[in-house]
Every structure is written in C-alpha cells, then in structure tokens.
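One letter stands for each residue in the lines below.
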Amino acid sequence: MCEWCYKHGAGQKWYLNSKNYLRETALEVGAHDYIFELWKQFDKVYLQRIYGISMKGPGYKFRIPLVGRVLRSYVNGWFRKERPVKGRNPRRAEGHPGQVVPLEDAKKILELASPILRVNCACRKMTRGINDPCCLAFGALAEMVPKLPRYIPDRGMEPLHVDEAQSFVEEMNTAGRINTVWFGPMPYIAALCNCQQPECAAVRLKTSYNLQFLYKGEYVSKVDLSKCDGCRACSSRCQFGALTFSHLMNGPFIDAWKCYGCGLCATACPQHAIQLVERVSLPALKEVW
Ligand code: SF4
Ligand code: SF4
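This structure is a prediction, so every number in the text was calculated from the model and none was measured.

Scoring rules and cut-offs
- In this convention, every chain numbers its residues from 1, walking through the sequence in written order.
- For this description, chains carry letters from A and ligands carry numbers from 1, given in the order in which they are written.
- With pLDDT at 70 or above as the cut-off, local features in this predicted model cover only qualifying residues; side-chain atom pairs require 80 or more to be listed or tallied, and sums for whole chains, interfaces and linings still use all residues.
- Each residue receives a C-beta atom built from its backbone; the residue is near a molecule or strand if that atom lies within 6 Å of it.
- The residue classification treats Ala, Val, Leu, Ile, Met, Phe, Trp, Tyr, Cys and Pro as nonpolar and Asp, Glu, Lys and Arg as charged. All others, Gly included, are polar.
- Helix and strand labels come from DSSP, where a helix needs a run of H or I of at least four residues and a strand needs a run of E of at least two; each type is numbered from the N terminus.
- We call two residues in contact when their backbone-placed C-beta atoms lie within 7 Å.
- For the domain bounds, the source is a domain assignment made automatically or taken from a database.
- Put simply, a residue is buried when 20 or more other C-beta atoms lie within 10 Å of its own C-beta and exposed when 12 or fewer do; between those, it is partly exposed, and each C-beta is set from the backbone.
- Note on geometry: axes are lines fitted to C-alpha atoms, helical ones only across the stretch in contact, with angles between N-to-C directions running from 0 to 180 degrees.
- Roughly parallel here means an angle under 35 degrees, roughly antiparallel means over 145, roughly perpendicular means 65 to 115, and every remaining angle is called oblique.
- A crossing counts as left-handed when the near helix is turned anticlockwise from the far one by less than a right angle, and as right-handed when that turn is clockwise.
- A pair of strands is considered paired only if DSSP assigns at least 2 bridges between the two.

Topic: the site of ligand 2
Around ligand 2, a shell composed of 15 residues is seen, among which Cys 228, Cys 231, Ala 233, Cys 234 and Cys 269 lie nearest. Class assignment for the residues of the shell around ligand 2 results in 10 nonpolar, three polar and two charged.

Here we look at the environment of Cys 195
Among the secondary structure elements, Cys 195 is positioned in strand β6 (residues 189-195). For the pair formed by Cys 195 and Asp 132, sequence separation is 63 residues and the distance between their alpha carbons is 9.8 Å. Apart from the residues within four sequence positions on either side, Cys 195 is in contact with Cys 121, Cys 123, Arg 124, Cys 134, Arg 177, Ile 178 and Cys 200.

Considerations on the domain arrangement of the protein chain
Taken domain by domain, the protein chain holds domain 1 (3-215) and domain 2 (219-281). A straight line from the C-alpha centre of domain 1 to that of domain 2 covers 26 Å. Every contact between the two is made by eight residues of domain 1 and, on the other side, 10 residues of domain 2. Residues belonging to the side of domain 1 that touches domain 2 are distributed by class as follows: four nonpolar, four polar and no charged.

What to know about the environment of Trp 39
Turning to its location among the elements, Trp 39 is positioned in helix α3 (residues 31-40). The exposure class of Trp 39 is buried, given the 23 C-beta atoms found within 10 Å. In this structure, the C-alpha to C-alpha distance between Trp 39 and Leu 148, residues 109 residues apart in sequence, is 7.6 Å. Sequence-distant contacts of Trp 39, that is, excluding residues within four places in its chain, are made with Leu 148 and Tyr 151.

Some remarks on the packing of helix α6 (residues 103-112) against helix α9 (residues 162-174)
Here α6 crosses α9 at 160°, and the two axes come no closer than 9 Å. Judged on the interaxial angle alone, α9 and α6 are roughly antiparallel. When the axes of α6 and α9 are compared, the crossing they make is right-handed. Across the interface between the two elements, Leu 103, Ala 106, Lys 107, Leu 110 and Glu 111 from α6 touch Val 162, Ala 165, Gln 166, Val 169, Glu 170 and Asn 173 from α9. The residue makeup of the contact of α6 with α9, split by class, is six nonpolar, two polar and three charged.

Examining the pairing of strand β8 (residues 219-223)
Residues in a regular strand point their side chains to alternate faces of the sheet. Judged by how many residues are buried, β8 sits mostly within the fold: four of five residues are covered. Sheet topology note: the β8/strand β11 (residues 274-278) ladder contains five bridges and is antiparallel. Paired with Lys 222 across the two strands is Gln 275, which belongs to β11.

Things to note about the pairing of strand β1 (residues 98-101)
Burial of β1 is two-sided: the residues Gly 98 and Val 100 facing one way and the residues Gln 99 and Val 101 facing the other way are all buried. One ladder, built from four bridges, connects β1 with strand β5 (residues 178-183); its direction is antiparallel. For Val 100, the partnering residue across the bridge sits in β5 and is Thr 180. The pairing of β1 with strand β7 (residues 214-215) spans two bridges and is classified as parallel. Counted as the bridge partner of Gly 98 is Leu 214 from β7.

If you want it as structure tokens, here you go:
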C-alpha cells in the first residue's frame, strides 16, 4: 500500500476509508475555501506546472541536472503537505495528490462519496477547448460548483445517483479513460476524474517531469498467456507505454515497472487473461509509485 494508505487508510486503501469522505473531515481541513481557490485558478496552476510560463513556473528547469532534482524535491513537498502550520497554498496544489484507480475500486469509491456531481473537466477545457463533463465532484467540491460556473456542464447541473455514477465510469472505462481519485485537500477526498493522455495534467506532470502529483495505482497487471488467444483487444489500451503486443508470444507483454495499474487492458480482454495483482505483493514493485 502507498504512504497515504498507511497514513489515511485506517488499515485499508486511503480512498476506501469512509472517514475521508465525511463533511466533518471537509470542515476540519477547510476544504471549501481550498477547493474554491484551487479550482478558480486551475489553469494558472496548470500553466505554471506544465509549461513554466510564469516567472514562478519551474518548466524547463526540471530537466537541468541537479537543479532539476532539487526543484523536483521542493515541488513534490508542496503536494505532500499534510498539516501545514500556516495553511495550505491552493496555487501550489498543496495537499492535493491523487492516484490511479482501476474500475472496480472507482465503483467502490462512488459508494462512499456523496453527493456526486458531474462537472466539466478543467484539463480537457484547457487543452482541447471543449466542455467535457467527465469528472465527478464529491461533497465539498460539489457544493462549491455553483460558485465556479465554468465547471457546470452545458446542459446544467448534473447530480448523479450512485448507480448512475457507476454506469458512467463503466462507459468512461470502455472509452479508454483513466480513473484517478483526488485528495482535496488531504485527507479529504473531493473528486474522481476520468481523463486520458495527453490531456490529463496530472499524468503529464508525472510522465514529463516525474513529479509525484499522481501516484501509480495499488495494482500491477499480469498476463496469463494460457488464456490469451491473441485477439489484440488490449494492444492499444495502455497510455503509459507499459503494454506491447509480442508477435513472438502472440500476446501482450507488460513491463511491470511502467504499469500504472489502471486496468484498462484487463477490462478490454474478452478472455479474462489479464488480472490486476496487488502492488504490495510484488517485492520489487511495492515501493514503485
Ligand atoms: S499495462 Fe494495463 S494496467 Fe498497466 S498501465 Fe497499461 S493499461 Fe494500465
Ligand atoms: S485482449 Fe486478452 S485475449 Fe486478446 S490479446 Fe490481449 S490478453 Fe490476449
């Protein structure tokens, strides 16, 4: 289990601990004000992190040897801030890391979160210029959306029942979207996103700059070639470069070190030849996040 499970999971995965969804938890960490500030200027936060456009933006500096290492450590410290003495700075996304989750865990999350509101995805708006209501806001974030009209879908506010939300994430999974769950701020859980490469800002921060804003999932996928018939349905599902189709084996080869445990390959397999195994069960990978 990842460090957040040990700190905020009460013996289980952090996003399956019902306490992290409670209104009391939201009030305790000042989630409403934090969320309003962060989501109001999401693009500013995004531009600073991804492109280094502002004076404060690190951008290209991450690629400079030594300077990049020091800077990465500094910025990762923002995301990891748990109990800051002087509050959290939403512009730095302090206390707002997230993690990849597979479909089954996404559905369990939706049983714990309330209310659930479908909202426009900030990442897709910024990179594609489209209003795509593919993100699910919970509790305090859902309550703040009326004050943040850019996140309201074109057809209006869309509260979802649990079963509707679960059907929606299934649709998103079929469409190849990666589920990610988010602290907002830690340990309160505010959202479940359904985004993809290259739009997802969190994935870009991870894959472009190796920033620990997004953690790999609690699982790693594993193939049973005795069940595989070589249909290739999984071959284009991986957005992390972890899965390649091997002509020699007539089946997929999965590089476990690159695998994020999103499960998109597994849900595409009609033969159930790909399974997710707990990352913690693999000694070489249990600390690879
Ligand atoms: S190999 Fe499968 S589970 Fe792993 S990152 Fe790729 S699609 Fe996701
Ligand atoms: S989808 Fe399943 S059966 Fe088809 S190639 Fe991939 S692992 Fe094999």
